[in-house]
Amino acid sequence: MNIVIIGPPGAGKGTQAERLVLKYGLMHISTGDLLRDAIKAGTILGREAKTAVDAGELVSDEVVIGLVRDRLSKKQKADHGFILDGFPRTLSQAAALESLLRDLAMPLDHVVAFDIEVGLLEERIARRAEQSLRAGKPIRSDDSPEVLKIRLEEFARATAALTPFYEQRRLLRFVDASADVDDVTAQIGSFLER
Ligand code: AMP
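Note that the structure is predicted; figures quoted are calculated from it, not measured.

For this particular structure, what's the right way to read the packing of helix 2 (residues 31-41) against helix 4 (residues 61-74)?
Each packed pair of helices is defined by two parameters, the angle between the axes and the distance between the axes. Direction vectors running N to C along helix 2 and helix 4 enclose 100 degrees, while the axes themselves pass 10 Å from each other. In this view, helix 2 runs roughly perpendicular relative to helix 4, as classed from their interaxial angle. When helix 2 is examined against helix 4, the residues T31, L34 and L35 are found in contact with a partner set consisting of V63, V64, L67, V68 and R71. By residue class, the composition of the contact of helix 2 with helix 4 is six nonpolar, one polar and one charged.

For this particular structure, what's the right way to read the pairing of strand 1 (residues 3-6)?
In regular strands, side chains alternate between the two faces of the sheet. Side-chain alternation along strand 1 places I3 and I5 on one buried face and V4 and I6 on a second face that is also buried. In the sheet, strand 1 pairs with strand 4 (residues 110-115) via four bridges, with the strands oriented parallel. Bridge pairing in strand 4 places I5 opposite V112.

How do you make sense of the site of the ligand when you look at a structure like this?
With respect to spatial proximity, 16 residues lie near the ligand, and among them T31, R36, E57, G86 and Q93 are the closest. In this structure, G86 approaches the ligand through a main-chain N or O atom, which is 2.9 Å from a nitrogen atom. A total of 480 Å² of accessible area belongs to the ligand in isolation, and the protein chains cover 96% of it. Element by element, the count of residues in the shell around the ligand is highest for helix 2, at four residues. Among the residues making up the shell around the ligand, the classes are represented as six nonpolar, four polar and six charged.

Got a minute to help me understand the sheet that holds strand 5 (residues 172-176) in this structure?
As a general point, the strands of a sheet are linked pairwise by backbone hydrogen bonds and lie either parallel or antiparallel. Reading across from one edge, 2-3-1-4-5 is the order of the five strands in this open sheet, with parallel pairing throughout. Pairing within the sheet leaves two strands with one partner each, and these edge strands are strand 2 (27-30) and strand 5. Averaged over all pairs of adjacent strands, the angle between strand axes in this sheet comes to 20 degrees, irrespective of strand direction. With five bridges connecting them, strand 4 and strand 5 associate as parallel partners.

Rules used in this analysis
Residues numbered from 1 in each chain as written. Predicted model: local features only at pLDDT ≥ 70, side-chain atom pairs only at ≥ 80, totals over all residues. Heavy atoms only, no water. Axes fitted to C-alpha atoms, helices over the stretch in contact; angles between N-to-C directions. Helix = DSSP H or I, 4+ residues; strand = E, 2+ residues; numbered from the N terminus. Parallel < 35°, antiparallel > 145°, perpendicular 65-115°, else oblique. Contact = heavy atoms within 4.5 Å. Nonpolar A, V, L, I, M, F, W, Y, C, P; charged D, E, K, R; others polar. Buried < 20%, exposed > 50% of the residue type's maximum accessible area, 1.4 Å probe, protein only. Pairing = 2+ DSSP bridges. Near = heavy atom within 4 Å. Polar contact = N/O pair within 3.5 Å; in protein donor to acceptor, adjacent residues only side chain to side chain. Areas by Shrake-Rupley, 256 points an atom, 1.4 Å probe, with all protein chains shown as cover.

Set out below in structure tokens:
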């Protein structure tokens, strides 16, 4: 089962991806996590990406497509599948993914779009920052209200174009991401197992 999840920051993509990994044994590929790891490790790629990530802007298509290509190429065909979280975010990333998956003979089965109101996202991101603070963990540099605003604009501008792209391919399924975590998991499960 090969899945893409798309949705705005704070919609719960990471949480649901982790659950799908446990339930179906999927390989989780989060471009946000890969970029944060590269930034922390201080690699050349990380240094290149840092300015955009800190500002809430998109990292270049070339860099993120390269990251995803590396990960997927290493994947064994016999594995259970993958879940891509935070990629694609632009039409050119979606087109690159389509051609990569064709080359690797790994067709996409579902694109899960998280539908949620902006007001709720702001609350959730603020809660995520509070929880990190309480747990003594670092707060994500891009979770400040100012940067969140830019990330939401990026989502609306670039990522919204993905909806018609995947609708045309009959892969798109919407979930109501304002529901509680278990409910969202159940909604996703219901169409994955259909
Ligand atoms: P995320 O953890 O998915 O919210 O991503 C955090 C940040 O990483 C984003 O705000 C972007 O700066 C960068 N990023 C992650 N995925 C992508 C992508 N597919 N294309 C461009 N930039 C990305």
